[in-house]
Structure formats: structure tokens, C-alpha cells
Amino acid sequence: MLSNNDILKKLRVALSLKNDDIIEILALTDFKITKGALGDLFRHPDHEGYEEAGNQILRHFLNGLIIYKRGKLEEPKKGLRDEDDEKEEIKTPISKNKK
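Here goes a summary of the coordinates provided. (Residues numbered from 1 in each chain as written. Predicted model: local features only at pLDDT ≥ 70, side-chain atom pairs only at ≥ 80, totals over all residues. Heavy atoms only, no water.)

### Some thoughts on unusual backbone geometry
Even without being glycine, S16 reaches a positive phi, approximately 55°. In this structure, S16 sits in the loop between helix 1 (4-14) and helix 2 (19-27). (Helix = DSSP H or I, 4+ residues; strand = E, 2+ residues; numbered from the N terminus.)

### Points about the nonpolar core
L8, I22, L26, I33, L41, I57 and F61 are the most contacted members of the largest nonpolar core, which totals 15 residues. The set of elements that each furnish at least two residues to this core consists of helix 2, helix 3 (35-41) and helix 4 (55-70). No other element matches helix 4, which puts four residues into this core. When residues no more than four places from it in sequence are discounted, the contact partners of I22 are R12, L17, L38, F42 and F61. (Core = buried A, V, L, I, M, F, W, Y, C linked by side-chain atoms within 4.5 Å. Buried < 20%, exposed > 50% of the residue type's maximum accessible area, 1.4 Å probe, protein only. Contact = heavy atoms within 4.5 Å.)

### What to know about helix 4
For helix 4, with 16 residues, the first-to-last C-alpha span of 23 Å sits near the 22 Å given by 1.5 Å per residue. Within helix 4, the full set of buried residues consists of I57, L58, H60, F61, G64 and L65. Down the axis of helix 4, the buried side of the element spans an arc of 160°, and every buried residue falls inside it. Along helix 4, exposed side chains directed more than 90 degrees from the buried face belong to N55 and R70. Each element contacted by the buried residues of helix 4 is listed here: helix 1, helix 2 and helix 3. After helix 4 finishes, the residue G71 shows a positive phi value of roughly 90°. (Expected span 1.5 Å × (residues − 1). Arc of directions from axis to C-beta.)

See the structure below:
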């Protein structure tokens, strides 16, 4: 099974990201990390400085990657509706069955 560290490593290679890019991506979700701490995540598991990446850092990285690649989602303005978006009222005929 892949660890969070393995996932981060594979995404870094697949997307050709440098450590500065990853720090920038994490900053998009207000997650701050130093270059040294980031380097600890990418060390070999047997190295004494190795740190295991938790779910939080992976979650922030993935959310930041979305923003980095496609930008922030704009929230729709409340109270304004386009005429095209308004639903048409459907009128059903009332049938009167007399017995």
C-alpha cells in the first residue's frame, strides 16, 4: 500500500514540481511548511530525518493543487438570477372524471 509520502513523491515527479512549487501549492490552502520540513517528507524511510506525511498535509496539497491548476471557484452571487436559470412553472391540466 502506498503511504502519503509515496503519493506526494509520485505526484511531484508526474507533475514536474519543484519544492518551491509544492510550498506555493500548500500556501494556497494557508498551510505553511519550510523547505527543510518538506525535504524530510521526501527522504528514504530508513533515513533518520524521515518524517511521515499525515493525512492533513496530503489533503492540503490536493486541495491546493486544484486551485493551482484551475483557479479558485467563484461563489455565485446570492439574490441574482438569470432569466435562463429561472424554472418555468409547469401547469398540469386538471381532469374531472365524472362517474
